[in-house]
Amino acid sequence: MAKPRFPTDGPLRLYYHHTSSASMRVTLYLRCRGVPSSHVTLVSTGFGTDERGIPVYTMPQNDPETERLGTTDLKAFNPEGRVPVLLLPDGRKMTQSGPIIELIEDWFDHDGPPMLPADPWLRAQVRRIMWIIAADTQPYQNIPFIIQAIGEWGMTKAPPTEHPLRLHFIRREFGAIEHIMSQCAGKFSVGDSITYADCFIVPQIRNALLAGIDLPSEFPTLNRVWENMLAVPEVHAVLDQAGGVVQPLFFDEEKFAVYADNAKPEKGLSS
Ligand SMILES: N[C@@H](CCC(=O)N[C@@H](CS)C(=O)NCC(=O)O)C(=O)O
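Parameters and conventions
- All residue numbers here refer to positions counted from 1 along the written sequence of the relevant chain.
- Whole-chain, interface and lining totals are the exception, using all residues; otherwise, since this is a predicted model, local features are given only for residues with pLDDT of at least 70 and side-chain atom pairs are given and counted only at 80 or more.
- Only hydrogens and water are removed before side-chain values are computed, so all heavy atoms of the structure are retained for them.
- For this purpose, a residue is taken to be near a molecule or strand whenever a single non-hydrogen atom of the residue falls within 4 Å of it.
- We define a polar contact as two N or O atoms separated by no more than 3.5 Å, with the added condition that, inside protein, one atom must be a possible hydrogen donor and the other a possible acceptor, whereas residues neighbouring each other in sequence contribute only through side-chain atom pairs.
- Here the accessible surface of atoms and residues is derived via Shrake-Rupley with a 1.4 Å probe, and residues count as covered only by protein chains that are part of the display.
- In this description a helix means any DSSP run of H or I spanning at least four residues, a strand means any run of E spanning at least two, and both kinds are numbered starting from the N terminus.
- Throughout, the ten residues Ala, Val, Leu, Ile, Met, Phe, Trp, Tyr, Cys and Pro are labelled nonpolar, Asp, Glu, Lys and Arg are labelled charged, and all others, Gly among them, are labelled polar.
- Every case where a carboxyl oxygen of Asp or Glu lies within 4 Å of a side-chain nitrogen of Lys or Arg is listed as a salt bridge.
- Residue exposure (1.4 Å probe, protein chains only): buried if accessible area is under 20% of the type maximum, exposed if over 50%, otherwise partly exposed.
- In this analysis, strands are considered paired if DSSP registers two or more bridges between them.
- Interaxial angles span 0 to 180 degrees and are taken between N-to-C directions of axes, which are lines fitted to C-alpha atoms, for helices over the stretch in contact.
- Between two residues, a contact is recorded if the distance between any of their heavy atoms is within 4.5 Å.
- Domains are outlined according to an automatic or database domain assignment.
- The quantity reported as buried area is the accessible area (1.4 Å probe) lost by two parts once they are put together, taken as the sum for both.

## A look at the site of the ligand
Close to the ligand lie Ser20, Ser21, Ala22, Arg25, Tyr57, Gly81, Arg82, Val83, Pro84, Gln96, Ser97 and Gln138. Between serine 97 and the ligand, the recorded distance is 2.7 Å, taken from a side-chain N or O atom to an oxygen atom. Interatomic distance of 3.3 Å between a side-chain N/O atom of glutamine 138 and an oxygen atom of the ligand. Considering the ligand on its own, with 520 Å² of exposed area, one finds that the protein chains cover 79% of that surface. By residue number, the principal contributor to the shell around the ligand is helix α1 (residues 21-33), which donates three residues. Split by residue class, the shell around the ligand holds four nonpolar, six polar and two charged.

Structural data, given as structure tokens:
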């Protein structure tokens, strides 16, 4: 079947930030698939922290979209308030890392090796791992969510990066993926070629390393895939630009400490 033609002229623009693990899924895909910047241009958003220490992504300065919107509030651009966002030359926007990747894949002809297996079962295995990361892992171990739950909803106070809730969800879901990969992994998550599943697993492993997870002893298959991904120059380049193999701290610890000190005690059911 012929590929649908990309409907408008000019490059797509990916609004992303190097601290964002969801953005990294897409930048890994772009590098590994060899998508040229004439097809997809990277646009870094602004970045700061609010009074709680929580990261806030903003529209970049001197960007035509920021000027058109008249604000740096990311929600004016994307009501979800999140990155990544893919902007089409005709003004349409796509959000969510998985659909962004599949849209780019479907619209262009690519020189690089395919990143979805031809076999339907293996394609589903790739998407299964993507979904476990995107839907069942990342949202629950997300540091902004943990900070807010401590400050506003009476959750146990602990360092956000190693919070028990975060460790629980990473371990639970990595355990499931370890089991799945025992059936389908080769050199990489599904077989011996890089797939979208690897683009999803790598940023989540960086988060797990920041949380202190001992990957080789706890999740040996994941660790094998991780080591093989690190040996790929395109992957290494993306990680280098994002601060290395371990996800760097990107919330403000001092602001968080003040916010957590002032946190309200847990409310009883009757209040
Ligand atoms: N499910 C989304 C997740 C996107 C996401 O959580 N992005 C984070 C950065 S990794 C973000 O922009 N957070 C800002 C916020 O929630 O206010 C995807 O796959 O793209």
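## A word on the pattern of salt bridges
A full pass over the atoms with the stated rule returns nine salt bridges. The salt bridge involving glutamate 102 is made with arginine 127; its shortest N-O contact spans 2.9 Å. In this pair, glutamate 102 sits in helix α4 (residues 97-107) while arginine 127 sits in helix α5 (residues 120-137), placing the two residues 25 residues apart along the sequence. Of the residues examined, arginine 127 reaches a relative accessible area of 29% and is grouped as partly exposed. Two residues, glutamate 218 and arginine 171, come together in a salt bridge whose shortest N-O distance is 2.6 Å. Taken together, the positions of glutamate 218 in helix α9 (residues 215-218) and arginine 171 in helix α7 (residues 164-184) put the pair 47 residues apart, joining distant regions of the chain. The class for arginine 171 is partly exposed, based on a relative accessible area of 36%. Sharing partners across several salt bridges, the network here consists of Asp50, Arg52 and Glu152.

## Focus: the sheet that holds strand β5 (residues 85-87)
Whether parallel or antiparallel, the strands of a sheet pair through hydrogen bonds between backbone atoms. Taken together, the four strands give an open sheet; going across it, the order is β2-β1-β5-β6, and neighbouring strands pair in mixed fashion. For this open sheet the edge positions go to β2 (40-44) and β6 (93-95), each flanked by a neighbour on one side alone. Adjacent strand axes in the sheet meet at a mean angle of 25° when their direction is disregarded. Direction of pairing for strand β1 (residues 12-16) relative to β2: parallel, over a ladder of five bridges.

## Some remarks on the side chain of glutamate 65
Here glutamate 65 is to be found in helix α2 (residues 64-69). For glutamate 65, a relative accessible area of 13% translates into the label buried. Not counting chain neighbours up to four residues away, the residues in contact with glutamate 65 comprise Tyr15, Met59, Phe77 and Leu87.

## Observations concerning helix α10 (residues 220-230)
All of the buried residues in α10 are Thr221, Leu222, Asn223, Val225, Trp226, Met229 and Leu230. Lining the buried residues of α10 we find α7, α8 (196-210), α9 and α11 (233-241).

## Looking at the domain arrangement of the chain
Each assigned domain of the chain is listed with its residue range as follows: domain 1 (13-107) and domain 2 (120-261). Inter-centroid distance (C-alpha atoms) of domain 1 to domain 2 is 20 Å. At the interface, 24 residues of domain 1 touch 31 residues of domain 2. A combined buried area of about 2400 Å² lies between domain 1 and domain 2, and 67% of that area is made up of carbon and sulfur atoms. Three residues, Arg25, Arg31 and Arg52, lead the burial of domain 1 against domain 2; their summed loss comes to 28% of the area buried on that side. Taken together, domain 1 and domain 2 are joined by two salt bridges. Of the charged contacts, one joins glutamate 152 and arginine 52 as a salt bridge, the two residues approaching to 3.3 Å between their closest N and O atoms. Between domain 1 and domain 2 we count five residue pairs in polar contact (both at pLDDT 80 or more) in total. Contributing elements (two or more residues each) for the side of domain 1 that touches domain 2: α1, β3 (46-49), β4 (55-58) and α4.

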